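Structural description and commentary
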Amino acid sequence: MIITIDGPAAAGKGTLASNLAKKYQYAYFDTGMVYRAVGLLMHLQNQDLNDEQVALKFAKALTYGQMMELSKHPDFRSSLGGKNASIISAYPEVRKALLKMQQDFSLNPVFSDGTPAKGVIYDGRDTGTVVCPNADIKFFVTASPEVRAKRRYKEFLDKGMSADYEDVLADVKARDERDANRSTSPMKPAEDAMIFDTSDLSIDEVFKKAVEVIDEKQK
Ligand code: C5P
């Protein structure tokens with residue numbers, strides 16, 4: 001079983017994906033990690049993120065294991081990490097170079113300890129349209145920029161990181177703009193995706209709706 005969950009930053013797709021992965025005992029691939037890993041590697045090695053050819057070199061060399069190691073770095077999930085990921089993810093050749101690693105995961109989905117899983121949940125921007133266009137179930141989770149910025153802002157504070165709400169909102173809007181308008185794999189719901197707007201739906205309500213769809217499909 002392959003399930004894809006796409007949508008903009010802080011719409012609630014990560015929470016939905018990990019809750020569903022836990023309930024059904026499926027592996028989880030957060031595809032933003034591939035872009036965060038390349039962005040962080042370039043940042044740590046003082047490379048110019050605006051240089052597409054350098055980004056491509058890093059993307060081609062990235063392995064799954066290296067990405068998991070990099071994910072432990074404090075800047076991997078920071079606002080800077082998200083911004084850097086968003087910049088290099090706009091390069092068509094970089095996206096192409098990182099596609100195979102994402103697609104291969106569904107052939108042999110595994111948990112973080114290497115145990116095989118009987119299904120996989122993808123979370124990202126183009127997993128239902130480009131990474132796994134033949135997925136069994138596709139969800140697209142969205143919310144207004146203001147609602148998402150409030151959530152991101154609270155997440156930063158909860159983690160003890162300093163943040164300014166207006167800066168977070170500007171960052172959310174800038175990332176939406178880049179994700180929606182890039183020439184390759186722009187973020188958009190797949191034609192056969194079910195859309196959830198979490199501006200006025202709680203995490204629990206979205207989870208229940210998604211479970212109904214999955215249970216129905218599994219009958
Ligand atoms: O989801 P996350 O915030 O970790 O993603 C980081 C960045 O990677 C996003 O802003 C987006 O630009 C990019 N991304 C992408 N395609 C995906 C997942 C993430 O372009 N499938």
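For the structure, check the block above.
Residues numbered from 1 in each chain as written. Predicted model: local features only at pLDDT ≥ 70, side-chain atom pairs only at ≥ 80, totals over all residues. Heavy atoms only, no water.

**Describing the pattern of salt bridges**
We apply this condition: We define a salt bridge as a contact between a side-chain nitrogen of Lys or Arg and a carboxyl oxygen of Asp or Glu at a distance within 4 Å. A run of H or I in DSSP counts as a helix once it spans at least four residues, and a run of E counts as a strand once it spans at least two, with each numbered from the N terminus. Three labels apply to residues, based on accessible area from a 1.4 Å probe with only protein chains included: buried if under 20% of the type maximum, exposed if over 50%, partly exposed otherwise in between.
Tallied over the full model, the rule gives 13 salt bridges. We note a salt bridge from Asp30 to Arg77, for which the minimum N-O separation is 2.8 Å. Of this pair, Asp30 sits in strand β2 (residues 27–30) while Arg77 sits in the loop between α4 (64–70) and α5 (79–88), placing them 47 residues apart in sequence. The partly exposed category is assigned to Arg77, whose relative accessible area is 39%. Between Lys154 and Asp158 there is a salt bridge whose closest N-O contact spans 2.9 Å. Of this pair, Lys154 and Asp158 both sit in helix α8 (residues 145–158), four residues apart, which is roughly one turn of that helix. Its relative accessible area of 51% is what places Lys154 among the exposed residues. The exposure class assigned to Asp158 is exposed, which follows from its relative accessible area of 57%. Here the residues in one salt-bridge network are Arg125, Asp179 and Arg182, joined through shared partners.

**A word on the packing of aromatic side chains**
The geometry of an aromatic ring pair is captured by two quantities: the separation of the ring centres and the angle between the planes. Counted only if it meets this: Pairing of aromatic rings covers Phe, Tyr and the six-membered ring of Trp, with a centre-to-centre limit of 6.5 Å; geometry is then stacked below 30 degrees between planes, edge-to-face above 60, and tilted otherwise.
Enumeration over the complete set of coordinates arrives at seven aromatic pairs. Taking 5.0 Å as the distance between ring centres and 80 degrees as the angle between the ring planes, the aromatic pair formed by Phe29 and Phe105 counts as edge-to-face. Remark: Phe105 occurs in helix α6 (residues 92–105) and Phe29 occurs in strand β2; sequence separation between them is 76 residues. Just as Phe29 is buried, Phe105 falls in that class too. Both rings, one in Phe139 and one in Phe196, keep their centres 5.4 Å apart while their planes meet at 25 degrees; by these two values the pair is stacked. Of this pair, Phe139 sits in strand β4 (residues 137–142) while Phe196 sits in strand β5 (residues 194–197); the two residues are 57 residues apart in sequence, bridging distant segments of the chain. Among the residues examined, Phe139 registers a relative accessible area of 1% and is labelled buried.

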